[in-house]
Amino acid sequence: MPLKRFVQGLNRKHRDILQLEEALFAKREAQRVIVNSQMVKHEIVDLYAYPAERIDIVRNGIPLGQFRFDPEQREKSRSDLKLKPDEIVLLFAGSGWERKGLLFAIQAMALCRNRKMRLLVAGRGNQRSFKSKRVQFLGEVADLTRVYAAADIFVLPTIYDPSSNACLEALGCGLPVITTRSNGFSEIIEDGVHGSIIDRANDLAGLRNAIQLWSDPSPRAVARSTIIERASQFDISKNVEQTIAILIQAASAASASGKMRKT
């Protein structure tokens, strides 16, 4: 909204970030850039005309040994959270609830008109602005693995996210992920296979349909092995290995360039 944009423009931290981006990208002070999604790469090229060939994509990674499907943990977690065996549990995790689309998740769940649905919300935010029936606020959770274990579906209808790590963690735990095309994470999953991709965060009908699809335990059970297999390609070790390789290459190129200038 115009008023929010005006207020944000007065925020010193916001102005400092924009100045830093301009220095790094527009003025080319960054010799090489690492991003975690194609979406962000396109944005840097489009907004700052930064050379695409100097931008590397390294996908987020997670410790797969920690984020995995565990039936025993599921039973214990659901008991701890006082969830009934027949309840369909949606999970939303993260801070910045307005940007990440918590309101849309709540509204879409209400459209399902299913009394057996419950939405768990993990993270920090103003609960009073989002209070609703069948929504349980967990606050900041130190160990999200037990919450992932208790859930059936992960929902993040975000307005914008470079690449949500929470979505990747949920994928590692075998959960179908419902998110938007404005989340760089959506580039690594296939719609209807690993979850659902909604074009716009405020597409409540699309969100409702996706929730209803994955509320059926049969599609979830069939997709689980495929979901886990997809997550297995994003172990944190791969992220570290790719990042180090790029840094070594960049350092080598800078060293060679320095020698040429001296010559």
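Note: the structure precedes this text.
Right, let's walk through the structure included here. Keep in mind that what you see is a predicted model, and the values were worked out from it rather than measured. (Residues numbered from 1 in each chain as written. Predicted model: local features only at pLDDT ≥ 70, side-chain atom pairs only at ≥ 80, totals over all residues. Heavy atoms only, no water.)

## Here we look at the overall build of the protein chain
Counting secondary structure elements, the protein chain contains ten helices and eight strands. The principal-axis extents of the C-alpha atoms in the protein chain amount to approximately 75 × 45 × 30 Å. Within the span of the protein chain, comprising 263 residues, buried residues form 43% of the whole. Taking as baseline every contact in the protein chain between residues at least 6 positions apart, the subset at least 24 positions apart corresponds to 59%. With an accessible surface of roughly 14700 Å², the protein chain has 53% of that area assigned to carbon and sulfur atoms. (Helix = DSSP H or I, 4+ residues; strand = E, 2+ residues; numbered from the N terminus. Buried < 20%, exposed > 50% of the residue type's maximum accessible area, 1.4 Å probe, protein only. Contact = heavy atoms within 4.5 Å. Areas by Shrake-Rupley, 256 points an atom, 1.4 Å probe, with all protein chains shown as cover.)

## Describing the nonpolar core
The nonpolar side chains of a soluble globular protein tend to be buried, and buried together. Counting 59 residues, the largest nonpolar core has Leu102, Leu119, Tyr148, Phe154 and Ile178 as its most contacted members. When residues of this core are assigned to their parent elements, the largest contribution, seven residues, is made by helix H5 (residues 102-112). In this structure, Ala30, Val33, Val35 and Tyr48 belong to the second largest nonpolar core, which totals nine residues. (Core = buried A, V, L, I, M, F, W, Y, C linked by side-chain atoms within 4.5 Å.)

## A closer look at helix H7 (residues 165-172)
By the criterion of burial, H7 is predominantly enclosed, with seven of the eight residues buried. The set of residues buried in H7 consists of Ala166, Cys167, Leu168, Glu169, Ala170, Leu171 and Gly172. Looking at the packing, one finds that the buried side of H7 touches strand E3 (88-93), helix H6 (145-150), strand E6 (153-156), strand E7 (177-180) and helix H9 (217-231). At the N-terminal end of H7, a side-chain oxygen is found 3.3 Å from the backbone nitrogen of Ala166, two or three residues along, and the residue is Ser164. (Polar contact = N/O pair within 3.5 Å; in protein donor to acceptor, adjacent residues only side chain to side chain.)

## Some points on the pattern of salt bridges
Counting across every chain of the model gives twelve salt bridges. Between Arg78 and Asp152 there is a salt bridge, with the nearest N and O atoms lying 3.5 Å from each other. Of the two residues, Arg78 is situated in helix H4 (residues 71-80) and Asp152 in the loop between H6 and E6; the sequence distance between them amounts to 74 residues. Of the two residues examined, Arg78 and Asp152, each falls in the buried class. Taking the shortest distance from any N to any O, the salt bridge between Arg181 and Asp199 comes out at 2.7 Å. Taken as a pair, Arg181 in the loop between E7 and strand E8 (195-198) and Asp199 in the loop between E8 and helix H8 (204-215) lie far apart in primary sequence, 18 residues in all. (Salt bridge = Lys/Arg side-chain N within 4 Å of Asp/Glu carboxyl O.)

## Notes on the sheet that holds E3
Working definition: the strands of a sheet are paired by backbone hydrogen bonds and lie parallel or antiparallel to each other. Within the open sheet, the six strands sit side by side as E5-E4-E3-E6-E7-E8. Their pairing is parallel. Of all the strands in the sheet, the pair left with one neighbour each is strand E5 (135-139) and E8. Geometrically, the sheet is characterised by an average inter-axis angle of 20 degrees between neighbouring strands, direction not taken into account. Relative to E6, E3 runs parallel, the two sharing two bridges. Considered in E6, the bridge of Leu91 is made with Phe154. Here H8 sits on the sheet in contact with E3, strand E4 (117-122), E6, E7 and E8, set at roughly 175 degrees to E8. (Pairing = 2+ DSSP bridges. Axes fitted to C-alpha atoms, helices over the stretch in contact; angles between N-to-C directions.)

Scope: geometric values only; no functional claims are made or implied.
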